[in-house]
Amino acid sequence: MAKSLQEPGRRAIASLPRAEVPQEPEATGLIWLWAALGLLTGLLLLMAVVRRLVLGCRWDDPNPFAEDGRRPPLAPVTDQEVRRRVLQQDFSEARVPAQLDAVVIGSGIGGLAVAAILAKAGKRVLVLEQHTMAGGCCHIFDQDALEFDTGIHYVGQMKKGSFSRFLLDQITEGQLHWAYLASPFDWVVLEGPSGRRKFPMYAGEKAYIQGLKDKFPNEEDTIDKYMKMVQEVAKAVPHMVLLKIIPLPVVRLLDKCGVLAFFSPLLRAATQSLDEVLNQLSASQDLKTVLSYIYPTYGVTPKNASFSLHALLINHFLEGAFYPRGGASEIAFHLIPVIQQAGGTVLTKAKVKSVLLDAAGRACGVRVKKGQKLLDISSLTVISNAGIFNTYKHLLPEKARCLPGIQTQLGMVQHSLSTLYVFICLRGSKKHLGLEANNCYVYFDTDMDQAMERYLSLSKDQAVAHIPYFFITSASAKDPTWKDRFPDQSTLIMMLPARYEWFEEWQDKPPGKRGSDSEALKDSFIDASLSVLMKLHPQLEGKVHNVSMGSPLSHQFFPAAPHGENYWVDHTLNHLQPHVMATIRAQSPIPNLYLTGQDVFTCGLFRALHGALLCSSTILQRNVYLDLLRLQTQVPVALPKRVN
């Protein structure tokens, strides 16, 4: 009834020309006054919250970074039995520590890092990994007596004195060492009817920019404007962190008022696509392609990618690239002892079937399947590094899955793209084969969006003839320890996009037992990949002695990606909207259940580490970012010298 009485009046006012709408100065003034007071109240509340979060929390809470955790570097551990005892400790009831403070599901970098941070705060943490080896996408596997990494191909911002380097030094006790890759660290190769064109990506801001200008002398102003936007976004990374920490109602209020986009270049650029920005800058098609080249590292083409995410990745590598000495498994190998020192442990072959909830709906432990037996493990804090899809859709009881908060977050995300890996074993050393430590991105069409759309729309049998790009990398060429561990042998990995649906029919069959049709499909992609490789590197002809392929089903089986995704949640333009970023945070809608890893922040090693920092801050109820920054100002940059 009330609605029917109001509607005619609304229509009458709306139908008048703008100049004839009756003005009520007193009412208008009151509206503006209340709006101003509301905004002022929101800003004051925000300032109070930020002051509490940034200037200190409850100081009686344990500080994980109260003192320098680094120690003199020890000699590298190459004994495989010693490494196996750290990385492959099988689950058993007897190995579960008593009186746990937290249980972490998944031993990827987000899970191991949050466990290590909590351990440094004196917490006893159990990490459960369903695979046979800890490390998630940081683990390596053996093939033909050689090692292949699966997820860490190179990283940036690891120079001494950087925040990222200091963080990893603290949670690995300074035992993780990095090799600086030669410049250029990336090559972009455009293959087309007119031939092959190569574009180097040099380390160092000045060299990086000059390298682009040398190739595009008529677009220097465009390059300068682009790099200025990249740097403005990169400086505002703390805004993304605050978005995850400030109470959600406050974020929503500020977002509705337009305050977030007004004050933060990162949050403003998050609402623009990479393609939109490059079009506004009037970049040529070739320059657009080269400036967008790194998009496979986050898996979203320029029209669907947030410029903020892209800018963060460009800035991440601006000063060059690094690779862990000894391979990617070194990351997990040096994180696990930190967890163990506080009484915790990391157990493999531990398939978590569900998160346990008490009568009040709070997480209180996990249920693990060991053979045919189910074992309940109690803990007042449960942390999931298994990703939003696995956690919310498969690990929660049916009743909890239907909660509005859970459904809201699930409605905000979608599965990311899958990838095919071609693992290549080569006869000969890096020097003999002419391999370089840099990476290569090969594109066959300068319209990246169109090429990808066409490719993904095809059937699995047709797609092999229209592969849009390859990413080619060699761990053996990057790792200085390789030549001593695997003399006169080398490896390459070629990566290309794929749809999970192309392989879905074999999802219920174990690896190695998926039949001749599956092998034939994989062989067709392997042949196409090797054909491209030999055109780029003809000196490798006759040097290949073993090739295998990892499909989306491999990624589903080993790291438990639901649809064989590389990045779990798809980091599209929609996912980077401020209200979405603010909603998906470390504290889940289930009390005592927390999320960590890249789904909490964005994709990649260091974004997953941010997820761990946010998660540990939430659990410890203190700003561990501030703790870490304060410690960084108090200790020398250099590590302690090795004790002979």
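Below or above, wherever it landed, is the structure these notes cover. What you are looking at is a predicted structure, and each value in this text was computed from that prediction instead of being measured. Position numbers for residues count from 1 along each chain, tracking the sequence in the order it is written. Owing to the predicted nature of the model, reporting of local features is limited to residues with pLDDT of at least 70; listing and counting of side-chain atom pairs is limited to 80 or more, with chain, interface and lining totals taken over all residues. As a convention, hydrogens and water are excluded, and side-chain values are obtained from all of the structure's heavy atoms.

### Topic: the sheet that holds strand β19 (residues 593-595)
The five strands lie next to each other as β9-β2-β1-β13-β19, forming an open sheet whose pairing is parallel. Only two strands of the sheet have a single partner each, and these edge strands are β9 (345-347) and β19. With direction set aside, neighbouring strand axes in the sheet form an average angle of 20 degrees. The rule for pairing is simple: two strands pair if DSSP sees at least two bridges between them. Here a helix means four or more residues in a row that DSSP labels H or I, a strand means two or more in a row labelled E, and each is numbered from the N terminus. Summarising the sheet, strand β1 (residues 102-105) and strand β13 (residues 382-384) pair through three bridges and their orientation is parallel. When the sheet's bridge partners are listed, V103 is paired in β13 with V382. Helix α15 (residues 329-341) rests against β2 (125-128) and β9 of the sheet, and its axis sits at about 125 degrees to β9. By definition, residues are in contact when any of their heavy atoms lie within 4.5 Å. Axis lines are fitted to C-alpha atoms, over the contacting stretch for helices. Their N-to-C directions set the angle, which ranges from 0 to 180 degrees. Packed on one face of the sheet, helix α27 (residues 605-620) meets β13 and β19 and runs near 155 degrees to β19.

### Digging into the nonpolar core
Take the buried Ala, Val, Leu, Ile, Met, Phe, Trp, Tyr and Cys residues and link them wherever side-chain atoms come within 4.5 Å; each set so joined is a nonpolar core. Burial classes follow relative accessibility: with a 1.4 Å probe on protein chains only, a residue under 20% of its type's maximum area counts as buried, one over 50% as exposed, and anything between as partly exposed. Within the largest apolar cluster, 206 residues are counted, with the highest numbers of intra-cluster contacts made by L128, I171, Y298, I377 and F525. Top element by residues in this core is α27. It accounts for 10 residues. When sequence neighbours within four positions are dropped, the list of residues in contact with I171 reads F65, A113, A116, I117, K120, H334, L335, V338 and L609.

### Focus: the layout of surface pockets
The method works on a 1 Å grid over the protein atoms by themselves. A cavity is a set of points holding a 1.4 Å probe that cannot get out, a pocket is an open set with protein on both sides within 12 Å along at least five of seven lines, and residues with an atom within 4 Å of a point line them. Grid points are joined across faces, edges and corners, and a volume is the space filled by probe spheres set on the points. For the second largest pocket, the calculated volume is near 830 Å³. Contributing to the lining of the second largest pocket are 31 residues, with F163, A234, V237, P238 and H610 lying nearest its centre. Put simply, the parts of the chain that give the lining of the second largest pocket at least two residues each are α5 (163-171), α8 (237-245), α14 (307-316), α27 and α28 (624-634).

### Observations concerning empty space enclosed by the protein
One pass over the full model with this rule turns up one cavity of 30 Å³ or more. By volume, the largest cavity amounts to about 60 Å³. Lining of the largest cavity is provided by I140, E147, F148, D149, Y323, G326, G327, A475, D479, W482 and R485. Under the scheme applied, nonpolar residues are Ala, Val, Leu, Ile, Met, Phe, Trp, Tyr, Cys and Pro; charged residues are Asp, Glu, Lys and Arg; polar residues are all the others, including Gly. Across the lining of the largest cavity, the residue classes break down as five nonpolar, two polar and four charged.

### Some points on the packing of aromatic side chains
Here the aromatic set is Phe, Tyr and Trp, taking the six-membered ring for Trp, and pairing holds for ring centres within 6.5 Å; pairs whose planes are under 30 degrees apart are stacked, those over 60 apart are edge-to-face, and all others are tilted. In this structure the tally under the stated criterion is 23 aromatic pairs. For the ring pair W502 and F525, a centre distance of 6.2 Å and an interplane angle of 20 degrees mean the geometry is stacked. Of this pair, W502 sits in the loop between β17 (489-498) and α24 (515-536) while F525 sits in helix α24; the two residues are 23 residues apart in sequence, bridging distant segments of the chain. Summarising the burial analysis for this pair, W502 and F525 share the class buried. By definition, being over a ring means that NZ of Lys or CZ of Arg is both within 6 Å of the ring centre and within 35 degrees of the ring normal. The ring of F333 has R83 lying over it, and the distance from NZ or CZ to the ring centre is 4.4 Å. Positioned over the ring face of W187 is K198, at 4.7 Å from the centre of the ring.

### A look at the sheet that holds strand β16 (residues 469-473)
Picture the strands of a sheet paired through backbone hydrogen bonds; they go either parallel or antiparallel. Spatially, β7-β6-β15-β16-β17-β14-β18 is the arrangement adopted by the seven strands of the open sheet, whose pairing is mixed. Unpaired on one side and paired on the other, β7 (195-201) and β18 (544-550) mark the two borders of the sheet. Between one strand axis and the next, the sheet turns through 20 degrees on average, direction left out of account. Examined bridge by bridge, strand β15 (residues 439-443) and β16 share four bridges and lie antiparallel to one another. By the bridge assignment for β16, Y443 is matched with Y469. Helix α20 (residues 448-457) contacts β15, β16 and β17 of the sheet and is inclined by roughly 85 degrees relative to β17.

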